Amino acid sequence: HAKKLGKNNYQFFTPEMNSAAQHYLKLEHHLRQALELGELVLHYQPQVKIDNGCIIGMEALIRWHNHAMGIVMPDQFIGLAEETGLIVPIGAWVLRTACKQARAWQLAGMPIRIAVNLSGRQFHRFQDQRQLLDVVLDVLKETELSPELLELEITESILMHKLDTTLDTLNQIKQLGVRISVDDFGTGYSSLSYLKRFPLDTLKIDKSFVKDICTDANDRAIVSAISAMAGQLKLELVAEGVEDQSQLDFLGGQQCNYGQGYFFSKPVPAEQASALLRQSLLGRQ
Ligand code: C2E
Ligand code: MG
Ligand code: MG
Ligand code: MG
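Since the model is a prediction, treat every value here as computed from it, not as a measurement.

A.B. asks: Sorry if this is basic, but what is going on with the site of ligand 1 here?
C.D. replies: Residues in close proximity to ligand 1 total 24 residues, the closest being Asn117, Gln122, Asp183, Glu243 and Tyr262. Within the contact set of ligand 1, a nitrogen atom lies 2.5 Å away from a side-chain nitrogen or oxygen of Glu243. Relative to its unbound accessible surface of 800 Å², ligand 1 loses 85% to contact with the protein. Elements that contribute at least two residues to the shell around ligand 1 include exactly strand S2 (55-66), helix H2 (74-84) and strand S6 (179-185). Sort the elements by how many residues they give to the shell around ligand 1 and S2 lands first, with 4 residues. Partitioning the shell around ligand 1 into residue classes produces 9 nonpolar, 6 polar and 9 charged.

A.B. asks: Would you mind showing me how to read the coordination of the magnesium ion (ligand 2) here?
C.D. replies: Six octahedral donors at a metal ideally form angles of 90 or 180 degrees, and four tetrahedral donors ideally form angles of 109.5 degrees. The coordination sphere of the magnesium ion (ligand 2) contains the protein donors Glu59 (OE), Asn117 (OD1), Glu153 (OE) and Asp183 (OD), at a distance range of 2.0 to 2.2 Å. For the magnesium ion (ligand 2), the donor residues sit on a single chain with the sequence spacing E-x57-N-x35-E-x29-D. The exposure class of Asn117 is partly exposed, given its relative accessible area of 25%. Given the relative accessible area of 1%, Glu153 is considered buried.

A.B. asks: Quick question: what am I supposed to make of unusual backbone geometry here?
C.D. replies: In most cases, non-glycine residues show a negative phi, while peptide bonds are predominantly trans. If you check the backbone angles, Lys162 has positive phi at about 40° while not being a glycine. Mapped onto the secondary structure, Lys162 falls in the loop between strand S5 (150-155) and helix H6 (163-175). One non-glycine residue with positive phi stands out, namely Asp184, at about 50°. With respect to the secondary-structure elements, Asp184 resides in strand S6.

A.B. asks: When you look at H6 in this model, what are you seeing that I'm missing?
C.D. replies: An α-helical turn contains 3.6 residues, so any two residues separated by three or four positions project in the same direction. The end-to-end C-alpha distance of H6 is 18 Å, a good match for the 18 Å that 13 residues give at a rise of 1.5 Å each. Within the sequence span of H6, burial applies to Thr166, Leu167, Thr169, Leu170 and Ile173. Projection of H6 onto a plane perpendicular to its axis shows the buried side chains occupying an angular sector of 165°, all on one side. Facing away from the buried side of H6, by more than 90 degrees, are the exposed residues Asp164 and Gln175. Gly177 sits one or two residues past H6 and shows a positive phi near 100°.

A.B. asks: Would you explain the nonpolar core in this entry?
C.D. replies: Soluble globular proteins tend to bury their nonpolar side chains together. Within the largest apolar cluster, 78 residues are counted, with the highest numbers of intra-cluster contacts made by Leu31, Met58, Leu95, Trp105, Ile114, Leu150 and Leu152. Those residues in contact with Leu152 that sit more than four places away from it in its chain are Leu95, Val116, Leu118, Val136, Ile173, Val178, Arg179, Ile180 and Ser181.

A.B. asks: What am I meant to see in the pairing of strand S4 (residues 113-117) here?
C.D. replies: Regular strands place side chains that alternate from one sheet face to the opposite one. Counted residue by residue, S4 has 4 buried out of 5 residues, so it is predominantly covered. Both S2 and S4 contribute to a ladder of 4 bridges, which runs parallel. Bridge pairing in S4 places Gly57 opposite Arg113.

Calculation criteria
- Residues numbered from 1 in each chain as written.
- Chains lettered and ligands numbered in written order.
- Predicted model: local features only at pLDDT ≥ 70, side-chain atom pairs only at ≥ 80, totals over all residues.
- Heavy atoms only, no water.
- Near = heavy atom within 4 Å.
- Polar contact = N/O pair within 3.5 Å; in protein donor to acceptor, adjacent residues only side chain to side chain.
- Areas by Shrake-Rupley, 256 points an atom, 1.4 Å probe, with all protein chains shown as cover.
- Helix = DSSP H or I, 4+ residues; strand = E, 2+ residues; numbered from the N terminus.
- Nonpolar A, V, L, I, M, F, W, Y, C, P; charged D, E, K, R; others polar.
- Donors = N, O, S within 2.8 Å, 3.2 Å for Na, K, Ca; no water.
- Buried < 20%, exposed > 50% of the residue type's maximum accessible area, 1.4 Å probe, protein only.
- Expected span 1.5 Å × (residues − 1).
- Arc of directions from axis to C-beta.
- Core = buried A, V, L, I, M, F, W, Y, C linked by side-chain atoms within 4.5 Å.
- Contact = heavy atoms within 4.5 Å.
- Pairing = 2+ DSSP bridges.

Quick look at the structure:
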């Protein structure tokens, strides 16, 4: 349809683009109400110590249950939330909800870590408004969660922009006792020098390296190298996307102590996560 348009006859959208744009507008309209309507939900996925199978943490992963659209996954709306700025209130909600849950587990005698994702644009939007630290402080105070049970998952891209302010912010967060991990490690374009510049606790090897670890010699080499490096730098290492026993066997032979993935459990609602935790604790005795 965008064919042969006469002069001064601007037609920006093909029908396909138009419907994509309409879908986007609809999504935005619904997302603006999602928080008020209580449509956002957190699921939790265990992070497991490989040598004994115990759960040491849970990653909080957002889902959106919309009456018209059904279950919407984060990859479909986090980008939009970032563009519209909605990521700020949504991010604060995620942090508060995850910390409340972790505090409940702590009080129930199951003091595990809670990992909360912070996207790049979310981090910088917060930072511009000097809000991030305030929100973290508020939430810790309100929920009474021990700070060392909170781990913020940031991406390599966060470590590449506005280095000085980012370093300040991360140092301040670190001073609260909160842990910092690098998500999807190995997929960004950042330099390795940030590993010593920033106050990091954990690296999460991206699942793309773990996927073919049993058959692909390059992936094995990469994971071995990352494991050795993390060990030397005294960083904890979590392998993402562990789906079967043979991947786990390889990882167990490396200095990779923790795993996360469908092999252990998919992300599940809080109730089910609590049951997994109780089971894990029983197994320990
Ligand atoms: P992520 O932080 O790297 O989270 C891991 C993703 O891998 C999750 O997808 C999880 O369901 C999936 N996963 C876990 N185990 C396996 C496995 O064994 N195999 C495979 N193929 N996938 C596995 P999900 O929940 O769709 O989240 C996608 C991304 O959305 C997350 O990637 C994170 O970057 C972002 N995200 C999720 N929740 C939040 C949030 O609350 N705030 C922000 N800013 N981003 C979020
Ligand atoms: Mg993550
Ligand atoms: Mg990841
Ligand atoms: Mg990610």
